[in-house]
Amino acid sequence: MRSRVLLLVFLLTLARGVFVVASRQNREEIGILPDGSALVPTSQRISPVGETRLIPNDRPKDMAVAPDGSKVAVLCPGRIVVYGTDSAAPVTLARGGGPLGIAWSRDSKRLYFSAGAKAVECAVEQGQIRVLREIVLEASADRPKGLPADPQASGLALLADGQTLAVALGTRNVLAIVDLPSGTVKARVPVDVCPYHVAVQPDGRRVWVSCRGGEAEGRRRTSALTAGIGVRIDPRTDAVCQGTVVVVDTETGTTARVKVGRQPSGLCFRDDGTYAYVTNSDDDTVSVIDVRKLRVVASLTVRAAEGTVFGHMPTSVTLTEDKRTLYVSCGGINAVAVVPLDGDGLPSVKSPAGYIPTGWFPVAVAWTDDALWIASAKGMGSRGDKRQGGFWVHASTGTVQKVRRQDMEHLAQWTEQVAANNRWGDDLPPRRGIVPVPVPERVGEPSVFKHVVYVIKENHTYDVTLGDMPEGNGDPKLCLFGEEVTPNQHAIAREFVLLDNTYTSGTNSADGHQWTSASLCNAYMEQNYSSYARSYPYDGGDALAYSPQGFLWTAAARKRLWVRVFGEFVNRPRIVDRKDPQRRGRPSWSELWNDYRTGSGRFQIFAETDNAALRPHLHPHAIGFPMNVSDQWRADQFLSDLREWERRGRMPALSIILLPNDHTAGTTPGMPTPRACVADNDLAFGRIVDALSHSRFWSETLILCIEDDSQLGVDHVDGHRTLAYCVSPYTRRRAVVSRMYDHTGIVRTIELVLGIPAMNRFDRAGRPLRECFTSTADLTPYVHRPNRVPLDELNKSATTLRGEARHLAVASSRLDWSDVDRADAEVVARAVWLAQRPGRPFPRHLFRPPEDAE
């Protein structure tokens, strides 16, 4: 008997050893690589050239060169950094601004930047920056009704007289004209929707404003809202389809409009005043405008020959002093496009002559006499700091590059590097006679799967949940919700495949849900990071936030596939109390839980959306948020449909399910504890996998699951590393796959399985999950595990608590839980840490590292 036991132990150990050894194949982790480049969670490599300066724990948003060429100022959300062009040490002001807006005075001694409802004036002299005054652009008493509270000061520019400042107010759709001597707003000139960049015509006569949303539209089938204002949209995608430049005569207050491409952003002039150049972020183009005639005379693509799909996303533009070269920052490809001009100032080529490698998502470019300056928002990735073994997803390290004129001789080599960094290449046509496989090599080739169920969850890093699994690359010290709380996720990872090297491509729910559903976060979203005055569109509701190529549901619909969406982009949930239909305010979690548990049917739940293209595919009762609805109820909506599909013998090709309750509600009294929220989510996911694996569709079904972002906790590999699951009869059993995957790879896998062409350059270059599959089906079903934590375990009243626990309970109760991520991320993280790790100090420096610049 003893020998048999020893043999069994040996075999189990051997099996686990194979499990672990297999996990180390093809491992390539996010972060700084030995050659100094970086791998980021969009399947792109970053290799900035020239002199690269780091800005730890902050994101550059805008940049301005002093008129005397001696200094370059960079605007970040948390600070202003001024570099000397002579490579002297930078000086820093610990005060930041909004999405953009920074400018110098003509004598290069004053600096102005936008900050919410104010413009800030600073003195820059003798190696110091000091604030001189704050100019109020809109008093709280003057806030218009129906618009966001924050006017969101954006682009700004100093007029030729040196006494007047023009500031775009992004949520007010006006240009504020400020008299600097008095510090008052002397005029507010109406412009178009979402005024952004501001520039003064070389002769000083007029101010030009790029307006991302174009002309305001009334409510009709081809329009949608952004910050309460209607804009024209493409009804096939719900995305904004026009942009304008508004030209303002500041003396008369009159305006003229020039229609350009979608979402115009950067703007610059030839100094002879003949042409203006405007980057159209959602068109991958630059419009050339005749300044005198106010009309577009040329349009240039910034796409390479190998990059014919959308996604380069030009953000800013500058011109050399000889007027022969345009430099265009392209956020989507982490490069600057080099565009030769002829003697008249028009493009002399059909596509760029080459590309300069930059940091991650360049947002601003500027030219001095001998060099190109480039500011990249996400720089080298979330590498701001690492202490006690973990990174946080928001700890970005921005970059500022200086590329000298003489180094431009390396352009051909740099262009090849940009192509390799982005893994450029064209999709090949499908071949005939190909045998079905789990993930086809080419779009249109057959798959063994006919149905994909795509589950989106909220906010966890890998270590937070699976860090206790010895089979994977986890850190148990950072695990807050181990197997006791998440038995189903642990069992699914063991019985199918453990993915321990998968990443979220975004940082929070506002951009995370764009990545999960569109495999792209457009420039409007990237440049508005941390400046969400207009919207926080994790659930839709802002037409400017959407990819012009649409979402998975619109792409599938174009292929005439049956799509069903459960909760994703439901930005108008309704909960009706049948006993009191006029009741104001949402019912409590306990009220809804008791109604669900008893089946009394007191509350009716409705899922509604502003996204017209989504409505035909949306389940009418499956909502995403609010969190006072249990994930068991959400799972029930899907399972009810599944039973009906079984009865009919027909199931959608693509089902998208949002299960958000692992987001947690911190320690808010009356809400479930953090571990109860996560257990609720875990059980709902387990029940869905169980039901599908026992259904008649199991042999042809693929289940993919990933978090939308990973900001709840930290991770010892990278703050973007997250949970992901791949479940099907063809999934490798009891294996670890450590191939690097991210949101783009998940979406690419769905597209290849269902025969959907790539929507943009990100999913086309995404890494499909081929290593997760075998060629032989194992139809063994999954049996879900019961929850070990009571789902109705509620947070205690603050009056029963003491010390930090009481403080965090009160702080949690004061947060805005009406929607996802409106609550402060650090308060939530502190509350969750204390609930799961009582007695251990919270690693605050992982969430708010020291703000030390280079």
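Residues numbered from 1 in each chain as written. Predicted model: local features only at pLDDT ≥ 70, side-chain atom pairs only at ≥ 80, totals over all residues. Heavy atoms only, no water.

### Here we look at the overall build of the chain
When helices and strands are counted, the chain shows 14 helices and 44 strands. Put simply, the chain has 854 residues, and 63% of those count as buried. At a minimum sequence separation of 6, the contacts of the chain that also span at least 24 residues come to 65%. Accessible area of the chain: about 30,200 Å², with a carbon and sulfur share of 49%. (Helix = DSSP H or I, 4+ residues; strand = E, 2+ residues; numbered from the N terminus. Buried < 20%, exposed > 50% of the residue type's maximum accessible area, 1.4 Å probe, protein only. Contact = heavy atoms within 4.5 Å. Areas by Shrake-Rupley, 256 points an atom, 1.4 Å probe, with all protein chains shown as cover.)

### Here we look at the packing of aromatic side chains
With the rule as written, the count across this model stands at 22 aromatic pairs. Taken together, a centroid distance of 6.1 Å and an interplanar angle of 75 degrees make the contact between tryptophan 562 and tryptophan 645 edge-to-face. Here tryptophan 562 is found in the loop between helix H7 (552-558) and strand S37 (563-566), whereas its partner tryptophan 645 is found in helix H9 (residues 631-648), with 83 residues between them in sequence. The buried category is assigned to tryptophan 645, whose relative accessible area is 4%. (Phe/Tyr/Trp six-rings, centres within 6.5 Å; stacked < 30°, edge-to-face > 60°.)

### Observations regarding the side chain of serine 43
Tracing the sequence through the fold places serine 43 in the loop between strand S2 (38-40) and strand S3 (44-46). Side chain to side chain, serine 43 and aspartate 742 meet in a polar contact 2.9 Å long. Ignoring sequence-local partners within four residues, the contact set of serine 43 consists of Asn421, Arg423, Met740, Asp742, Thr744, Ala765 and Arg767. (Polar contact = N/O pair within 3.5 Å; in protein donor to acceptor, adjacent residues only side chain to side chain.)

### Examining helix H11 (residues 743-754)
The end-to-end C-alpha separation of H11 is 17 Å, in line with the 16 Å expected for 12 residues at 1.5 Å each. The set of residues buried in H11 consists of His743, Thr744, Gly745, Ile746, Val747, Arg748, Thr749, Ile750, Glu751, Leu752, Val753 and Leu754. (Expected span 1.5 Å × (residues − 1).)

### Points about the sheet that holds strand S26 (residues 295-301)
With antiparallel pairing, 4 strands are arranged side by side in an open sheet as S23-S24-S25-S26. Each edge of the sheet is formed by a strand with only one pairing partner; in this case those strands are strand S23 (264-269) and S26. Taken over all neighbouring pairs, the strand axes of this sheet differ in orientation by 25 degrees on average, direction set aside. (Pairing = 2+ DSSP bridges. Axes fitted to C-alpha atoms, helices over the stretch in contact; angles between N-to-C directions.)

### Description of the nonpolar core
With 95 residues, the main nonpolar core has Tyr454, Leu654, Cys726, Ile750, Leu769, Cys772 and Phe773 as its most contacted residues. When sequence neighbours within four positions are dropped, the list of residues in contact with phenylalanine 773 reads Pro438, Val439, Phe449, Leu702, Cys726, Ser728, Tyr730, Thr731 and Arg732. (Core = buried A, V, L, I, M, F, W, Y, C linked by side-chain atoms within 4.5 Å.)

### Brief notes about the packing of helix H4 (residues 487-495) against helix H10 (residues 674-693)
For the pair H4 and H10, interaxial distance at closest approach is 7 Å and the crossing angle is 45 degrees. The orientation of H4 with respect to H10, classified from their angle, is oblique. Contacts between H4 and H10 involve Pro487, Asn488, Gln489 and Ile492 from the former and Asn681, Asp682, Leu683, Phe685, Gly686 and Val689 from the latter. (Parallel < 35°, antiparallel > 145°, perpendicular 65-115°, else oblique.)

### Description of unusual backbone geometry
Cis geometry marks the peptide bond from phenylalanine 625 to proline 626; its omega dihedral reads 15 degrees. Structurally, proline 626 can be placed in the loop between strand S39 (603-606) and H9. Positive phi values are uncommon outside glycine, yet asparagine 334 reaches one of about 55 degrees. Relative to the assigned elements, asparagine 334 resides in the loop between strand S28 (325-330) and strand S29 (335-340). Overall, asparagine 334 belongs to the buried group, its relative accessible area being 4%. Of note in this structure, arginine 734 is not a glycine but carries a positive phi near 50 degrees. Mapped onto the secondary structure, arginine 734 falls in the loop between strand S42 (724-727) and strand S43 (735-737).

### Side note on H4
For the α-helix, the turn length of 3.6 residues means that residues three or four positions removed from each other point alike. Counting buried positions over the 9 residues of H4 gives 8, a clear majority of the element. Every buried residue of H4 is accounted for by Pro487, Asn488, Gln489, His490, Ala491, Ile492, Ala493 and Arg494.

### Concerning the sheet that holds strand S11 (residues 118-125)
Ordered in space as S9-S10-S11-S12, the 4 strands form an open sheet in which the pairing is antiparallel. Looking at which strands have only one partner, the edges of the open sheet turn out to be strand S9 (102-104) and strand S12 (128-136). In this sheet, adjacent strand axes meet at a mean angle of 25 degrees when their direction is disregarded. Inspection of the sheet shows S11 paired to S12 by 8 bridges, in the antiparallel sense. Considered in S12, the bridge of valine 120 is made with glutamate 134.

### Remarks on the pairing of strand S25 (residues 285-290)
Most of S25 is tucked away: 6 of the 6 residues are buried. Neither face of S25 is open: one carries Thr285, Ser287 and Ile289, the other Val286, Val288 and Asp290, and all of them are buried. Here strand S24 (residues 275-280) pairs with S25 via 6 bridges, running antiparallel. Counterpart to tyrosine 277 in the pairing with S25 is valine 288. Hairpin connection, S24 to S25: the antiparallel pair is bridged by 4 residues, and aspartate 284 has positive phi, about 60 degrees. Adjacent in sequence and paired antiparallel, S25 and S26 are bridged by 4 residues, among which leucine 294 carries a positive phi angle near 55 degrees.

### Focus: the pattern of salt bridges
Inspection of every chain in the model, using the stated rule, returns 54 salt bridges. In this structure, arginine 405 and glutamate 321 form a salt bridge, with 2.9 Å as the shortest nitrogen-oxygen distance. On the criterion of sequence distance, the pair formed by arginine 405 in the loop between strand S33 (397-404) and helix H2 (411-422) and glutamate 321 in the loop between strand S27 (314-319) and S28 is long-range, its members being 84 residues apart. Of the residues examined, arginine 405 reaches a relative accessible area of 35% and is grouped as partly exposed. For the salt bridge of glutamate 484 with arginine 788, the shortest nitrogen-to-oxygen distance reads 3.8 Å. Placement of the pair is glutamate 484 in the loop between helix H3 (462-466) and H4 and arginine 788 in the loop between helix H12 (761-764) and helix H13 (803-814), with a sequence separation of 304 residues. With relative accessibility at 44%, the residue glutamate 484 sits in the partly exposed group. (Salt bridge = Lys/Arg side-chain N within 4 Å of Asp/Glu carboxyl O.)

### Considerations on the side chain of arginine 634
Within the element layout of this structure, arginine 634 appears in helix H9. Residue classification places arginine 634 among the buried residues on the basis of a relative accessible area of 2%. Only 2.7 Å separates the side chain of arginine 634 from the backbone oxygen of valine 629, close enough to count as a polar contact. Within the structure, the side chain of arginine 634 is placed 3.5 Å from the side chain of asparagine 661, a separation counted as a polar contact. Residue contacts for arginine 634: discarding those within four places in its chain leaves Ile623, Gly624, Phe625, Pro626, Val629, Leu658, Leu659, Pro660 and Asn661.

### Concerning the environment of arginine 558
Checked against the element boundaries, arginine 558 lands in helix H7. Within polar-contact distance, the side chain of arginine 558 engages the backbone oxygen of glutamine 549 at 3.4 Å.

### A few points about the environment of tyrosine 524
Checked against the element boundaries, tyrosine 524 lands in helix H6 (residues 523-527). The class for tyrosine 524 is buried, based on a relative accessible area of 2%. Sequence separation of tyrosine 524 and leucine 544 is 20 residues, and the distance between their C-alpha atoms is 6.9 Å. Once you skip the residues sitting within four places of it in the chain, tyrosine 524 turns out to touch Cys194, Arg212, Thr226, Gln263, Arg534, Ser535, Asp542, Leu544 and Ala545. A polar contact is formed between the side chain of tyrosine 524 and the side chain of arginine 534, at a distance of 3.3 Å.

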